[in-house]
Amino acid sequence: MATLEEKNQLISTPENQMATHEENNQLITPPEYQMVTLEEKNQLVAALEYQMTTLEENSRSTPAPETQPSMRRKRKSMVWEHFTIETLSSDCRRAFCKQCRQSFAYSMGSKVSGTSHLKRHIAKGTCLALLHNQGNRQTRGTPTMNGNSSVSDPPRRRCISRNSASISFDLDHFRQKIARMMIMHDYPLHMVEHPGFVNFVKSLEPRYDMMSFNTVQGDCVSGYLREKQKVMKFIECLPGRVCLTLNVWTSSQSLSYVFITGHFIDGDWKPQRRILNVVMEPYPNSDAALSHAVASCLSDWSLEGKLFSITFNHPVGEPGLENLRSLLCVRDPLIINGQLLFGNCSAHALSSFAKDVLWEGREIIKKVRYSVKYVKTTESHEQKFRELKQQLQVPSEKGLSLDNQAQWNTTYQMLVAASELKEVFSCLDTSDPNYKEAPPSMEDWKRVGIMCTYLKPLFDAANFLASRTGPTQNTFFHEVWKMHDLYHSITSHGDPFVISLAEIMQEKMDKYLKECILALAIVVVMDPRFKMKLIEFSFLRFYGEEAGKYVKIIDGGLHELFLEYVRLPLPLTSAYAEDRNFENNTKTEEISDNGLTDCDVYVETTSQNTKSELEQYLEEPLLPRHQEMDVLKWWEENKLKYPTLSKMARDILTMQVSTAEPDTVFDTEIKEMDSYRSSLRPETVEALVCAKDWLRYGSEASTEVSNALAEVKGLGS
């Protein structure tokens with residue numbers, strides 16, 4: 001038990017609990033704190049009083065331990081958050097406010113002052129420095145005063161977090177999320193073993209155990225297989241055929257990877273695409289390389305009988321082409337003898353044309369590139385160039401830019417801008433003595449103009465491919481026609497440079513048209529604004545007196561293809577009739593036709609008095625050319641009028657003229673697989689690439705699958 005003397009020391013006298021008049025007089029209010037309003041002062045005072053009262057009540061409710069009176073008691077009062085104790089002499093210590101640095105009595109010898117006067121300094125608003133700093137900032141849990149000067153909101157208690165052991169940790173779900181992250185963002189799989197990644201995840205979930213490379217690799221493949229089941233169900237329910245594009249990537253190990261993308265039109269007549277396979281080919285230049293990749297894709301996705309056309313960007317010899325043509329006929333009607341091979345990707349062909357033009361003028365381009373580099377790499381040089389341009393009053397608004405030689409369009413744009421500013425370059429050496437390299441001569445600038453003339457239609461056509469989504473074949477024919485017409489109309493003018501360039505471009509354009517004119521032309525016929533009329537007109541310009549022979553080839557191929565659709569076996573015909581708007585009609589036809597569908601086909605193909613759908617379509621007037629229209633939408637709206645021809649049109653409009661993605665249309669080199677991807681197993685590369693492509697469609701793909709399944713069930717009922 002504490003002695004009476006000890007109790008007296010613990011109990012502060014009233015004189016010590018109240019600040020002396022002299023001490024209060026020392027509280028001089030700084031001028032910068034006198035702007036605080038009375039309302040703000042009252043609110044803060046009430047808040048602080050409430051906090052101190054609560055803390056003191058909590059302290060009194062805790063029993064004092066009956067141990068070791070000699071131990072120094074820990075200061076629990078909240079005032080010590082605002083005051084510090086400083087020793088002024090051996091027997092004098094004072095409390096200093098952290099905000100305003102005012103000092104107050106704390107101890108003198110063995111006599112210890114209380115804390116009430118310190119609380120009043122904080123709570124009663126005497127310390128205006130604290131009031132100024134906290135006036136408008138009500139901290140979380142601080143009560144405020146309402147109009148009746150009462151506490152409106154009690155302080156909130158701090159939430160105590162639950163023990164992490166009570167929170168469930170689904171390891172399988174966690175691993176799936178990690179694998180999805182790796183796939184979607186192309187993170188290296190070894191990242192899960194990096195110490196930084198492990199420490200980061202452990203900070204979020206301490207129970208996490210480091211995953212190995214093999215574990216995350218297996219999880220990525222498992223995620224790929226799950227997504228593949230969804231895509232397979234989607235493709236199984238397609239109403240039409242599939243067109244494939246093959247993109248060949250190289251690698252530093254002399255291996256090639258064939259990216260196979262399937263293009264198709266769904267039941268809502270919307271164009272769709274999915275990367276189906278990534279096939280590693282150890283001998284990419286062999287005649288069987290591409291055909292082996294396509295055969296693997298057909299087998300993997302059960303596409304035998306559904307393949308319509310193949311477009312690729314890799315040079316293939318005649319034996320390789322024959323192998324690919326045979327694949328177009330696997331379990332298929334002979335789709336015009338496999339002639340719908342778009343053997344030369346249009347983007348790749350345009351890049352090849354552009355590279356030939358740039359190669360012919362390579363020495364001139366070096367001079368132009370040096371001049372542009374001189375101007376653009378130094379601010380002072382660019383300033384002098386602008387001043388000279390203003391003096392010469394050159395009207396060009398184009399800005400100079402250095403080219404990226406991996407993309408030919410940047411070189412074209414550099415030449416166009418420099419050509420318009422050739423007068424400034426010609427005089428630059430006179431105004432800037434540091435410009436020592438001889439600028440291009442006037443003859444050089446003329447040849448730059450010729451190169452730009454040849455490159456412009458290529459640039460326009462490539463921009464067309466890069467900016468369009470969905471079917472582009474029906475209008476890409478116009479771009480090809482403009483290129484052919486231009487290249488055959490440019491005369492040599494006796495300049496060896498122009499003669500050489502004209503011969504090269506005419507030869508390459510004729511070869512390109514020979515390889516793909518049939519595929520380009522039949523797509524144009526499916527556009528109700530042009531039909532055969534544009535083909536006839538263009539061929540007159542292309543081939544002159546021989547135009548009739550080529551028109552007859554297109555017309556014959558078109559009728560042959562239509563007859564193949566008319567003769568389609570009954571099971572395939574039923575699969576084509578799955579459109580949602582036809583469900584009820586299909587049921588009615590199945591009941592009422594009494595098995596005479598084959599007879600109707602026979603009548604249509606043998607009757608001399610009845611015109612076929614194709615003939616009716618070709619004889620009808622053209623739609624106005626000036627109007628913008630969705631050709632697929634038009635065929636969807638006219639599928640009742642042309643039931644067989646609309647199916648053929650849907651497959652034709654699925655064909656692709658280019659294998660390139662929009663951002664790679666201008667590339668001059670074949671894509672190369674990076675060293676990290678090349679080090680992975682081919683199965684893993686395929687899983688990562690395909691799964692990433694499929695995950696882009698998200699819930700939309702799931703909706704498409706469910707709709708397609710609903711349509712199939714409707715047909716079966």
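Description of the structure in this document. All values derive from a computational prediction rather than experimental measurement. (Residues numbered from 1 in each chain as written. Predicted model: local features only at pLDDT ≥ 70, side-chain atom pairs only at ≥ 80, totals over all residues. Heavy atoms only, no water.)

Digging into the overall build of the chain
Rule in force here: Only DSSP runs of H or I with at least four residues qualify as helices, and only runs of E with at least two residues qualify as strands; both kinds are numbered from the N terminus onward. We call a residue buried when its accessible area falls under 20% of the maximum for its residue type, exposed when it is over 50%, and partly exposed in between, using a 1.4 Å probe and counting protein chains only. In what follows, residue pairs with any heavy atoms lying within 4.5 Å of each other are defined as contacts. In these tables, accessible area is a Shrake-Rupley quantity obtained with a 1.4 Å probe, and a residue counts as shielded only by the protein chains included in the view.
In terms of regular secondary structure, the chain is built from 30 helices and 9 strands. Buried residues in the chain amount to 44% of all 717 residues. Residue pairs at least 24 apart in sequence account for 70% of intrachain contacts in the chain once pairs closer than 6 positions are excluded. Carbon together with sulfur atoms contributes 52% to the accessible area of the chain, which is approximately 39100 Å² in total.

Considering the pattern of salt bridges
Any two side chains of opposite charge can pair, so long as their charged atoms come close to each other. The condition that has to hold: We define a salt bridge as a contact between a side-chain nitrogen of Lys or Arg and a carboxyl oxygen of Asp or Glu at a distance within 4 Å.
For the coordinates displayed, the defined rule picks out 28 salt bridges. With a closest N to O distance of 3.2 Å, D444 and K367 form a salt bridge. With D444 in helix 17 (residues 442–467) and K367 in helix 13 (residues 362–376), this pair connects stretches of sequence that are 77 residues apart. Under the relative-accessibility criterion, D444 is labelled buried at 11%. Linked through salt bridges whose partners overlap, the residues forming this network are R273, E661, D693 and R696.

Digging into unusual backbone geometry
A positive phi angle, near 65°, is found at S254, a position not held by glycine. Relative to the helices and strands, S254 resides in the loop between strand 5 (242–250) and strand 6 (256–265). A positive phi angle, close to 55°, is found at Q393, a residue other than glycine. For Q393, the location among the structural elements is in the loop between helix 14 (379–392) and helix 15 (408–420).

As for helix 17
Rules: Expected helix span is computed as 1.5 Å times (number of residues minus one). Note that the bend at a residue is defined as the angle between axes fitted to the seven residues ending at it and the seven residues starting at it.
Helix length check: helix 17 (26 residues) gives 36 Å between terminal C-alpha atoms against 38 Å at 1.5 Å per residue, within 8%. At L455, helix 17 shows its largest bend, some 30°, and a proline, P457, comes one to four positions later.

Remarks on the sheet that holds strand 2 (residues 92–97)
Put simply, the rule is: DSSP-based pairing: two strands are paired if at least 2 bridges between them are found.
The strand order across the open sheet formed by 4 strands is 1-2-3-4, and the pairing between neighbours is antiparallel. Strands with a single pairing partner mark the edges of an open sheet, and in this sheet they are strand 1 (83–89) and strand 4 (111–112). Taken together, the 2 bridges between strand 3 (residues 103–108) and strand 4 define a ladder with antiparallel strand orientation. Counted as the bridge partner of M108 is K111 from strand 4.

Comments concerning the nonpolar core
The test is simple: Within this scheme, the nonpolar core is defined by two criteria: the residues are buried Ala, Val, Leu, Ile, Met, Phe, Trp, Tyr or Cys, and they are joined through side-chain atoms within 4.5 Å.
Formed by 104 residues in total, the largest nonpolar core has its most connected members in F425, L458, I522, M526 and W635. With sequence-adjacent residues up to four places away left out, L458 is seen in contact with L350, F353, A354, W408, M483, Y487 and M505. Y208, Y224, L244 and V258 belong to the second-largest nonpolar core, a separate cluster that totals 59 residues.

Remarks on the state of the cysteines
Counted only if it meets this: Counting rule for disulfides: a pair of cysteine sulfur atoms within 2.5 Å.
Going through the model one piece at a time under the given rule, you end up with 0 disulfides. Free of any disulfide, C100 has its nearest cysteine sulfur in C97, 3.7 Å distant. With a relative accessible area of 23%, C100 lands in the partly exposed category.

Remarks on the side chain of S256
Along the chain, S256 turns up in strand 6. Looking at S256, the relative accessible area reads 4%, which means it is buried.

Section: the packing of aromatic side chains
Let me state the cut-off plainly: Geometry of aromatic contacts follows a simple scheme: Phe, Tyr and Trp rings, the Trp one being its six-membered ring, pair when their centres are within 6.5 Å, and the pair is stacked under 30 degrees between planes, edge-to-face over 60, tilted otherwise.
Inspection of the entire model under this criterion finds 27 aromatic pairs. Pairing Y374 with Y435 gives two aromatic rings, centres 5.1 Å apart and planes at 50°, and the pair type is tilted. Of the two residues, Y374 is situated in helix 13 and Y435 in the loop between helix 16 (422–431) and helix 17; the sequence distance between them amounts to 61 residues. By the burial criterion, Y374 is buried, and Y435 matches it.

Description of the packing of helix 13 against helix 14
Let me state the cut-off plainly: To obtain each axis, a line is fitted to C-alpha atoms, and for helices this fit is confined to the stretch in contact; angles are then taken between N-to-C directions over 0 to 180 degrees. Note on terminology: angles under 35 degrees are roughly parallel, angles over 145 are roughly antiparallel, angles of 65 to 115 are roughly perpendicular, and the others are oblique. Nonpolar residues are Ala, Val, Leu, Ile, Met, Phe, Trp, Tyr, Cys and Pro. Charged residues are Asp, Glu, Lys and Arg, and all others, Gly as well, are polar.
One way to put it is that helix 13 packs onto helix 14 with a least axis distance of 6 Å and a crossing angle of 105°. When the axes of helix 13 and helix 14 are compared, the pair comes out roughly perpendicular. Of the residues in helix 14, those in contact with Y374, V375 and K376 of helix 13 are H381, E382 and F385. Partitioned by chemical class, the residues of the contact of helix 13 with helix 14 number 3 nonpolar, 1 polar and 2 charged.

Focus: the packing of helix 12 (residues 346–360) against helix 17
The geometry of a pair of packed helices is captured by two quantities: the angle between their axes and the separation between those axes. Let me state the cut-off plainly: A crossing counts as left-handed when the near helix is turned anticlockwise from the far one by less than a right angle, and as right-handed when that turn is clockwise.
Viewed as axis vectors pointing N to C, helix 12 and helix 17 meet at an angle of 160°, and their least axial separation amounts to 10 Å. The angle between the axes of helix 12 and helix 17 places the two elements in the roughly antiparallel class. Seen along the crossing, helix 12 lies across helix 17 with a hand that is left-handed. Contacts from S346, A347, L350, F353, A354, V357 and L358 of helix 12 reach helix 17 at M451, Y454, L455, L458, A461, A462 and L465. Of the residues assigned to the contact of helix 12 with helix 17, the class counts are 13 nonpolar, 1 polar and no charged.

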